[in-house]
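Reading the structure
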Amino acid sequence: MNVNQIVAILKEHQATFVLLLCHKSADADAVCAAYAFQGLLKRFLPDLVVEIGAPQGINKPTKQLIENLSISVNLKPNIESASVLFLIDMNTVDQLDEVVDRLKASNAPMMIIDHHAYSSDVVQFCRFCLINEQAAATCEIIYDLYQQAGVSLCLNEAKALFAGIAFDTRHFALGDSDTFRIAGGLVNAGVDAQEMLVSFSNPIDNSERLAKLKACKRAKIVKIGEWLIALSHVSAYEASAAKSLVDLGAHMAAVAGKKAGKLEVSLRCNRDFSEKTGVHLGKDISMPMGELLGGVGGGHAMAAGVNAKGTLDDALDKCLELLKEKIPVNA
């Protein structure tokens with residue numbers, strides 16, 4: 001799927017208003033990919049109204065980023081008025097929680113641009129899927145759309161794509177050769193890499209520090225073969241806490257939390273665990289966990305999440321069961 005095919009679909013439906021929807025607690029990759037894609041569509045269809053929507057909010061680091069880059073995001077988008085809907089950086093409509101019913105009621109064609117593991121419900125709801133699981137970030141997919149179209153990025157679009165990729169790859173620690181190819185292209189477009197990386201090194205507030213410390217204190221360590229698995233729970237910052245447990249020495253960590261009666265679990269692992277066990281946290285653990293717990297899960301090979309129902313113990317027990325099933329005895 002290329003830009004010309006996307007534009008043809010928009011023209012076919014005589015689109016006047018396109019809505020680019022980002023997932024719950026939208027991160028830098030989602031918002032920045034949407035922003036650059038917005039600019040690309042406007043190059044081909046200048047009169048088209050293209051809006052970025054984040055009905056389930058934006059995460060804290062990204063709020064500062066979009067302020068610095070002057071990116072406009074509507075937190076209360078008018079889904080019902082959209083001629084065409086794009087899901088950016090999400091592999092299932094269920095990631096939008098309460099908004100799902102409004103999406104399903106819409107007659108507007110729905111399209112998805114993403115780099116997560118494929119979800120079966122996208123076929124049911126989406127007119128087309130531009131999914132590249134090999135991409136380290138959705139921003140990489142948008143960069144390649146620009147390249148295929150022969151369109152030059154403006155400096156702010158280049159900065160946004162660089163920021164989105166940097167966030168999703170942990171400042172390029174999880175990048176591959178394509179990631180560095182794209183980063184080089186963005187630097188050639190005018191991005192000051194050092195300045196950008198420094199600009200979004202936000203200080204950690206005490207509430208996040210406390211969550212990390214509590215996760216460590218509460219952690220249950222289980223050994224499966226040669227692998228150390230850390231299971232814990234906190235009331236906020238699950239993803240940050242899971243990453244901290246891996247940084248401290250766990251090969252893989254799962255941290256559960258509950259907010260307003262909803263269960264959230266973040267999973268992280270190091271590269272050694274991912275490569276030697278062959279376990280893909282998104283496909284092998286999060287997606288089946290979501291189904292077992294009456295919710296939804298997904299993500300990357302080394303970072304994934306679940307939104308579901310049940311208790312903290314239920315979630316961590318299911319996670320451990322799945323890990324024991326998936327990790328080879330000799331891994």
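Above this note sits the structure.
Sequence order sets the numbering: in each chain, residues are counted from 1 along the sequence as written. A pLDDT threshold of at least 70 governs which residues receive local features in this predicted model, and a stricter bar of 80 or more applies before side-chain atom pairs are shown or counted, although totals over entire chains, interfaces and linings include all residues. Note that water and hydrogens are dropped before the side-chain values are worked out from all heavy atoms of the structure.

Helix and strand assignments come from DSSP, with helices taken as H or I runs of at least 4 residues and strands as E runs of at least 2, each series counted from the N terminus. For the protein chain, the count of helices and strands is 14 helices and eleven strands. By its C-alpha atoms, the protein chain is 55 × 45 × 40 Å across when sized along the principal axes. For the protein chain, buried positions account for 53% of its 331 residues. Any two residues whose heavy atoms approach within 4.5 Å are treated as being in contact. Summarising the internal contacts of the protein chain: among those between residues at least 6 apart in sequence, 63% fall at separations of at least 24. About 14600 Å² of surface is accessible on the protein chain, with carbon and sulfur atoms providing 49% of the total. The charge count includes Lys and Arg as positive and Asp and Glu as negative, but it does not include His or the ends of the chains. Taken as the charge centre is NZ of Lys, CZ of Arg, CG of Asp or CD of Glu, depending on the residue. Of the charged side chains in the protein chain, 32 are positive and 38 negative; the average position of the first set lies 5 Å away from that of the second. Note on exposure labels: buried denotes an accessible area under 20% of the residue type's maximum, exposed denotes more than 50%, and partly exposed covers the range between, all computed with a 1.4 Å probe on protein chains only. Note that accessible areas follow from Shrake-Rupley with a 1.4 Å probe, and for residues the cover is restricted to the protein chains shown.

For two strands to pair, DSSP has to find at least two bridges joining them. Read from one edge to the other, the open sheet built from five strands follows the order β2-β1-β3-β4-β5, with strand pairing classed as parallel. Looking at strand neighbours, the two that pair on one side only are β2 (49-53) and β5 (126-131), the edges of this open sheet. Each strand axis lies, on average, 20 degrees off the axis of its neighbour in the sheet, ignoring direction. The pairing of strand β4 (residues 110-114) with β5 spans five bridges and is parallel. Residue pairing across strands places I113 opposite L130, the latter belonging to β5. Note on geometry: axes are C-alpha line fits, over the in-contact stretch for helices, and angles between N-to-C directions span 0 to 180 degrees. Of the strands in this sheet, β1 (17-22), β3 (84-88), β4 and β5 are in contact with helix α1 (residues 3-12), which crosses β5 at around 165 degrees. Along the sheet, helix α2 (residues 28-44) contacts β1, β2, β3 and β4; its crossing angle with β2, the most-contacted strand, is approximately 180 degrees.

We now examine the nonpolar core. To define a nonpolar core, start from buried Ala, Val, Leu, Ile, Met, Phe, Trp, Tyr and Cys residues and group those joined through side-chain atoms within 4.5 Å. Counting 62 residues, the largest nonpolar core has L10, V18, F37, F86 and L186 as its most contacted members. Take this core: its biggest share by element is eleven residues, from α2. In this view, L186 contacts Y143, L153, A158, L161, F162, I165 and V191; residues no more than four positions away in its chain are not counted. Counting 29 residues, the second largest nonpolar core, distinct from the first, contains V222, A254, L267 and C319.

Attention now goes to the state of the cysteines. Two cysteine sulfurs form a disulfide in these notes if their separation is within 2.5 Å. This model, assessed by the stated rule, comprises zero disulfides. The thiol sulfur of C22 is not disulfide-bonded, and the nearest other cysteine sulfur, from C32, lies at 9.3 Å. Using a relative accessible area of 0% as the deciding quantity, one classes C22 as buried. Residue C32 stays outside any disulfide, its sulfur separated by 5.4 Å from that of C139, the closest cysteine.

On to the packing of helix α10 (residues 206-218) against helix α11 (residues 238-248). The description of two helices packed together rests on the angle between their axes and the distance between the axes. Where α10 contacts α11, the axes come no closer than 9 Å and their chain directions differ by 55 degrees. In terms of orientation, α10 and α11 fall into the oblique class. In terms of crossing hand, the pair formed by α10 and α11 is right-handed. Contacts between α10 and α11 involve E208, A211, K212, A215 and C216 from the first element and S240, A241, S244, L245 and L248 from the second. Gly is put with the polar residues, along with every residue not named as nonpolar or charged; the nonpolar set is Ala, Val, Leu, Ile, Met, Phe, Trp, Tyr, Cys and Pro, and the charged set is Asp, Glu, Lys and Arg. In terms of residue class, the contact of α10 with α11 is built from six nonpolar, two polar and two charged. Roughly parallel refers to an angle under 35 degrees, roughly antiparallel to one over 145, roughly perpendicular to one between 65 and 115, and oblique to any angle outside these ranges. When the near helix sits turned anticlockwise from the far one by under a right angle, the crossing is termed left-handed; a clockwise turn instead gives a right-handed crossing.

Let us now look at the side chain of T277. Mapped onto the elements of the fold, T277 is located in helix α12 (residues 271-277). Relative accessible area serves as the criterion here: at 8%, T277 is assigned to the buried category. Pairing of N or O atoms within 3.5 Å defines a polar contact, subject to two protein rules: one partner must be a possible hydrogen donor and the other a possible acceptor, and residues neighboring in sequence count only if both atoms are side-chain atoms. Looking at T277, its side chain comes within polar contact range of the main-chain oxygen of F273, at 2.5 Å. A distance of 3.1 Å separates a polar side-chain atom of T277 from the backbone nitrogen of V279.

Take the packing of aromatic side chains next. Aromatic pairs are defined between Phe, Tyr and Trp rings, using the six-membered ring for Trp, whenever the two ring centres lie within 6.5 Å; interplanar angles under 30 degrees are classed as stacked, those over 60 as edge-to-face, and all others as tilted. Inspection of the entire model under this criterion finds five aromatic pairs. Plain terms: the ring middles of F86 and F128 are 6.4 Å apart, the flat faces sit at 75 degrees to each other, and that makes the pair edge-to-face. Here F128 lies in strand β5 and F86 lies in strand β3, a separation of 42 residues in the sequence. As far as burial versus exposure is concerned, F86 and F128 are alike and both buried. Seen in terms of ring centroids, F172 and F180 are 6.0 Å apart; in terms of plane orientation they differ by 35 degrees. Their pairing is tilted. Classification of F172 by relative accessible area gives buried; the value is 13%. For F180, a relative accessible area of 46% puts it in the partly exposed group. Through a chain of ring-to-ring contacts, the aromatic side chains of F37, F86 and F128 assemble into a single cluster.

Fair warning: the whole summary comes from geometry, so function is off the table for now.
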